[in-house]
Amino acid sequence: MSCIELQDLYKRFGSVQAVAGVSLAVREGELLALVGPSGCGKTTLLRLIAGFERPDSGEILFGGRSILGQEPQQRRVGIVFQDYALFPHMSVRENIAYGLKFVPLTRRERVARVAQLLHLMGLSGLERRAPEELSAGQQQRVALARALAPRPRILLLDEPLSALDAQLRETLRLEIKRLQGELGVTTVHVTHDQEEALAIADRVAVMQAGRLEQLSSPQELYHRPQTEFVARFIGRGNLLPGTVVQSEPDQLIVRLEGATRTLVQVSTGDATSALPPVGAAVRLLLRPERISLGDDRANRLECQVESLEFLGEISRLHLRCGAQELIAQLPSGATEHWQQHIGRRITLSFDPQDVWPLPPSS
Amino acid sequence: MGQDGSRQLTPLLRRAGRVTLIALPLLFLGLFFYYPLAGLVQSGLSSNTGFTLERLTRIFSDSYLRHVLLFTVEEALLSTLASVALGLPLAYLLTAYDFPGKRWIKSLTIVPFALPAITVALGFILVFGNNGALNRGLMALFHLSSPPLAILYSLQGIVLAHAFYNAPIVTRFVAAAWERLSPRYEESARALGAPRWRVFLNITLPMLMPALASGAALAFIYSFLSFPIVLALGGARFSTIEVEIYRRAIIQINYSGAAALATLELLIALLFTLGYLRLAARYARHLQLATPRPTRSLLTGPAGPRRWLIYAFIAASALLFVAPIAAVLLDSFSRTWQDQTVFTLDWYLAIFRPTYSSLIAASPLQSIWNSLSFAGASMVIALTLGTGLALNLTRRRFVGRSLLELLVMAPLGISSVALGLALLRTFVRPPLALSGHWIAIVIAHSILAIPFVIRAVRPALERLAPRLSEAAHALGASPARTTWEIVLPLIRPGLLTGAVFAFAISIAEMSATIMLTRPGLLTMPVAVYRFLATRQFGAASAMSVLLIAVIALAFVLIERSGERALRG
Amino acid sequence: MLQRTLAAALALALGLSLLGGWVGPAAPAQAQKTQDTLVVYTYSSFVSYGAAQAVAQAFKAQTGAQVRFVATGDSRIMLAKLITERDVTGHPPADAFIGVEVNDLGTAEKHDVFVPLSAKDIPNLADVPPEIQFDPTGKLIPYEHGFITLVYDSRKLSAAQVPHTFKELLDPKFRKQLILEDPRTSSPGLSFLLWTIAQFGDPSYLDYWKQLMPNILTITQSWDAAFDLFSKGEAPLMVSFSTDHAYDVIVNKSDRIRVLTLNGEGYRTIFGMGVVKGATHPQLAKELLNIVLSPEVQSQLPETEWMFPANLNATARPIWWQNAVVPSRPVELPAAQVSANLKRWIAQWVKTVLGS
């Protein structure tokens, strides 16, 4: 069942339409990531849920009931900001205990709850410290503990990882995922980092210019984006323009544009959306890691190797097929082999189920 | 070789700069504050036979002086309370809401603080007096035969006038801090379930504490040292220590008695300063800053009963802050003629006539020029010396830092009557024979303003997260460049507050000025005083209006140009 | 860079101030002390209403010398300033002083400010009636006098409502209706205190004050402050001068301010002037005092000083004489008695009225 439902929300700040007709439902216990470039309206959406902003129109339901009439302090949301906003004049313990003052608990229950959270977050022994005496990771844990202490109906995370260095970010995002899974608290996580969103979310909502582009599981989002924006924003991809020449229930035949005019077989599998008709212009999304550098797959293309990029774990091969540029990924162990192919023509291939047709951009 | 040379030279220069930054202000204070002060304290603590505490103990054994002492503390505490009660909501309105003309109002909040006490007293009598506009309005409205509100000539009249003066200080200090306070703290607390008033009490207030403590401490000290207001609105039955000092020194030719009282007054004021420094240090924290804080429209923002509460508060504030000034303005355009009050330009024409110029021993234009140039010079000196001291006090930890802090804050606790007296006695003799020179007045004003600048700049410096300047250092900027390009722009509100207050202190100062001035060096407040003292009440009002106009204009200009200079 | 900029600014400021110290003040201070400029300390209103100008012109015509008036406060502040500056620097800053009130005779005497003068020094003294020649040592010469009385605001009180005796002034209907001046700082205030002592006797005057207290609105520092409050209608009764009605009629073309002589009395106040001991130009100073007592200057005093001239040959316009009130029974305590008891009386008054 859905825990939180946003219905057709609009919010404008002066001349900026921050949120333009967003509807989505957050399911009980899931971790939903709200991702998009900066200024896309994701933080505004979060602030609408928390109650810091009022929508111009639309409805927000918690458990089926409208909460628009409620002040932030009545909504029972837990929030963690990018800068954590730990109260600098309170100790770690006082920070965590602050929200417990406003729920009907006995003193003993409060103490127990704080102790439980300190333990859960691995903060035991730090309870008397001032926030400024903590490391960034510890501060984040305190912020999480503080937000979770009053058992919120929903946890809102506003880019809590973006101020951290890359390594710490990866550690902490795993910790957030583990914690969220253990506690089962419904969470909305706002981030501009698509990798972070894919890594921890049960479902990901991509926003652009105040609108919701797509809401689906990370895999679906990655492999079957609904719009060109999503395809470009999530991961790396090669977009090959072409025209549908044949459309069947589970497959398409597309003729690629350009000199080669190659025919490509596209398996659409169990896709639910309507397939493009014959004659329609489409773009085919081909992920770099799905390209085979040989002619062993069903679809083949003739290319010229332009350059090679060594990235440690993997390497990237920059290819050109006529006017079309392509990126292919290969294990870094194969780098030296392919080094010799620069400037040469090769054949690459891919399976029909590894390409995905995108509707033409509007 | 050149490379090596400069590499060795730079730290040397840097250290020289650092030493200068702290040595020069101290030299200035030593020469022009501590040296004269030593003479004053010596007079207070010595007799023919040498050192004695007799004059001090005599103060405590005199029941009248004990009464004066207690009244002064009581009056100052109540005034501080009133200033905070008024200044804090005003700071909130300025921080949380937008309204047309807000920038102007912000620039002008400080005007009351800069008004000479005699002008304020005049305005208060015209508005809150028994025959004032408020009482006459109520009498007409409710058909009363006698004035219903006895406000003046009592403790509450003094407290109200002190709130008029000092609430702007509180507002100014608190608003500067509030504007830069990240709203995330309050939002976090609200999300945790705290109702608005709890958020304010638990979160906002503690974070504003350094600024609030600064403002309140200044309000206390200013009320504690207040003198012409108490004289004018309280009368002899409500004397403060400062009034007694004035009486002894200026009229009763009892310099050593005045010096003893001034010493005691200084001790008490320093005690409070010390307590407040402790308090401020306790609350000093590195906070996240946000600029700008989101605001709502005052016209459409507040809703329900909240809205009416806000509007009522604004109306009451307008009555307190605007009405007295408006009343002086009206008064300057009216005179009694054949038992009628009639409109007239006589007073304005009068103050520009040569006979009136000889009356105040200067032309009004000359006194405007004097006031502005003294204030400008004092502002530059106090801002430079004060910021230098504040940077040192905030950044570095060294032995005796708290002692140094107390030393540089001490001028705050000195009565301007006593300071004027001490300076006068110092300046008539070598080695500092500055008597009758404009520099003497500028020095007195600068000394009074330096602690204010420090107070205004320090909270801003303290709230500055050290990682900001560390970041700049890391990017290769020298400490001087870091200060200039990172620190100063970030503490802009503090600097502006300091500048504005230094200017205000100078332009309003009368007690010390009147002792150090000579014909030709007359300032505007002294001119107002001269007119009043010679029964020229209309001319005094006209001169006051001129002063108010000059002050208002100066503040708007300072803020605008200051914002531009520091932004650019 | 900033530190260097700041340091430069500091050095400049300090340098300026020191330079000012060495060069600045010497110039004006010494220019004022040139051979033939007589320095006179007086109260500000003496300069403001033109009396000083008349004196200066006559002085220039008669002696060829200049006179410079220094008037930065009222008479008591100026006397204190003179004494303080003399004590600090070791030499008196002025040659003559105009404006010592009769009750400040003791202060002048105690600090040994003035030199004795003879009738030969000041020929015009011959035309001054002996009853106002208050200084038995002959140091201070009277130049004007007047009477402290009550005045009332006829717009607030009708003639039928006003008190006519000290006793009637205690009536509860005058609650907070009276403005007084502080006897410690104001001459009219002190005169009123002495008047109550003359009226009720030494310890009993304090009882009167106790009873009077509910009717006092405020006790101001100076007469100016009191008159300002009175003019603005804050209270209908004030301790002031018996010439206030004439002032109102002549200056404001008004009939608002009226004089009340309690029991038909008024307390006499006299203002004197003298040559300062150690003066640079004692002879010129004497000539100046004589000019102040000349009939020409004296005739200007009524409508500039709003006091009665000391010289019997002085003239005034009829409108002045019609409206300036002379109490039928002038009251004054003997100067010796005042000098001997003043300190105690004031201390007792402070204790009784201002509280302990």
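Residues numbered from 1 in each chain as written. Chains lettered and ligands numbered in written order. Predicted model: local features only at pLDDT ≥ 70, side-chain atom pairs only at ≥ 80, totals over all residues. Heavy atoms only, no water.

Asker: Please set out helix α10 (residues 196-224) of chain B residue by residue, giving values where relevant.
Answerer: Residue and element names in this part refer to chain B. With 29 residues, α10 should reach 42 Å at 1.5 Å per residue; the first-to-last C-alpha distance of 34 Å falls well below that figure. Along α10, the sharpest change in direction is near 60° and occurs at Met-209; proline Pro-210 comes one to four residues later. Across the 29 residues of α10, 23 count as buried, placing the element largely inside the fold. (Helix = DSSP H or I, 4+ residues; strand = E, 2+ residues; numbered from the N terminus. Expected span 1.5 Å × (residues − 1). Bend = angle between axes of the 7 residues up to and from the residue. Buried < 20%, exposed > 50% of the residue type's maximum accessible area, 1.4 Å probe, protein only.)

Asker: Summarise the pairing of strand β7 (residues 154-158) of chain A; cite the residues concerned and give the values.
Answerer: Each regular strand carries side chains that alternate between the two faces of the sheet. Residues and elements named next belong to chain A. With 5 of 5 residues buried, β7 lies mostly within the body of the structure. The side-chain alternation of β7 yields two buried faces, one formed by Ile-154, Leu-156 and Asp-158 and the other by Leu-155 and Leu-157. As paired strands, strand β6 (residues 77-80) and β7 are joined by 4 bridges and run parallel to one another. Paired with Val-77 across the bridge in β7 is Ile-154. Where β7 and strand β8 (residues 187-191) come together, 4 bridges link them in parallel fashion. (Pairing = 2+ DSSP bridges.)

Asker: Can you lay out the packing of aromatic side chains for me, pointing to particular residues and giving the numbers?
Answerer: Scanning all chains against the criterion turns up 53 aromatic pairs over all chains. With centroids separated by 5.6 Å and ring planes inclined at 15°, the aromatic side chains of Phe229(A) and Phe233(A) adopt a geometry described as stacked. Of the two residues, Phe229(A) and Phe233(A) both sit in helix α8 (residues 228-233), 4 residues apart, roughly one turn of that helix. Owing to a relative accessible area of 22%, Phe229(A) belongs among the partly exposed residues under this scheme. Residue classification places Phe233(A) among the buried residues on the basis of a relative accessible area of 19%. Across the ring face of Phe87(A), the terminal group of Arg146(A) is positioned such that the distance to the ring centre comes to 4.3 Å. The ring of Phe81(A) has Arg184(B) sitting right over it, with the charged end atom 5.3 Å from the ring centre. (Phe/Tyr/Trp six-rings, centres within 6.5 Å; stacked < 30°, edge-to-face > 60°. Lys NZ or Arg CZ within 6 Å of the ring centre and 35° of its normal.)

Asker: Describe the interface of chain A and chain B, with residues and values.
Answerer: Taken together, the contacts link 24 residues of chain A with 23 residues of chain B. On the surface where chain A and chain B come into contact, there are 3 salt bridges. Between Glu71(A) and Arg190(B) there is a salt bridge, with its nearest N and O atoms 2.6 Å apart. For the pair chain A and chain B, the number of links is 7 residue pairs in polar contact (both at pLDDT 80 or more). Counting only elements with at least two residues in the side of chain A that touches chain B, the list comes to β6 and α4 (136-148) of chain A. When grouped by side-chain class, the residues that make up the side of chain A that touches chain B number 15 nonpolar, 3 polar and 6 charged. (Contact = heavy atoms within 4.5 Å. Salt bridge = Lys/Arg side-chain N within 4 Å of Asp/Glu carboxyl O. Polar contact = N/O pair within 3.5 Å; in protein donor to acceptor, adjacent residues only side chain to side chain. Nonpolar A, V, L, I, M, F, W, Y, C, P; charged D, E, K, R; others polar.)

Asker: Explain the sheet that holds strand β9 (residues 203-208) of chain A to me, using residue names and the numbers behind them.
Answerer: Hydrogen bonds between backbone atoms are what pair the strands of a sheet, whose relative direction is either parallel or antiparallel. Residues and elements named next belong to chain A. Strands sit in the order β6-β7-β8-β3-β9-β10 across an open sheet of 6 strands; the sheet is mixed. If you trace the sheet from one side to the other, it starts and ends with β6 and β10 (211-216), each paired once. Each strand axis lies, on average, 20° off the axis of its neighbour in the sheet, ignoring direction. Pairing between strand β3 (residues 31-35) and β9: 4 bridges, direction parallel. Residue Ala-33 lies in a different strand from β9, and its bridge partner there is Val-204. The strands touched by α4 within the sheet are β6 and β7, with β6 carrying the most contacts at an inclination of about 170°. (Axes fitted to C-alpha atoms, helices over the stretch in contact; angles between N-to-C directions.)

Asker: How would you summarise the confidence of the model for chain C if you had to cite specific residues and measurements?
Answerer: Residues and elements named next belong to chain C. Averaged over all residues, the pLDDT of chain C is 87; the fraction at 70 or higher stands at 90%. Below a pLDDT of 50 lies the segment residues 1-14, which in the model reaches 29 contacts outside its immediate sequence neighbourhood of four places, other chains included. Here residues 16-34 is modelled with pLDDT under 50, and outside its nearest four sequence neighbours on either side it reaches 24 contacts, counting other chains as well. Our summary of model confidence lists the complex with pTM equal to 0.83 and ipTM equal to 0.85. (pLDDT = per-residue confidence, 0-100.)

Asker: So what about the sheet that holds strand β14 (residues 281-286) of chain A? Which residues, and what values?
Answerer: Residues and elements named next belong to chain A. Reading across the sheet, the 5 strands line up as β13-β12-β11-β14-β19 and stay open at both edges, with antiparallel pairing between neighbours. Two strands in the sheet have a free side with no partner beyond their single neighbour: β13 (263-267) and β19 (355-358). For this sheet, the mean angle separating the axes of adjacent strands, direction not counted, is 45°. Relative to β13, strand β12 (residues 251-256) runs antiparallel, the two being bridged by 5 bridges. For Ile-253, the partnering residue across the bridge sits in β13 and is Gln-265.

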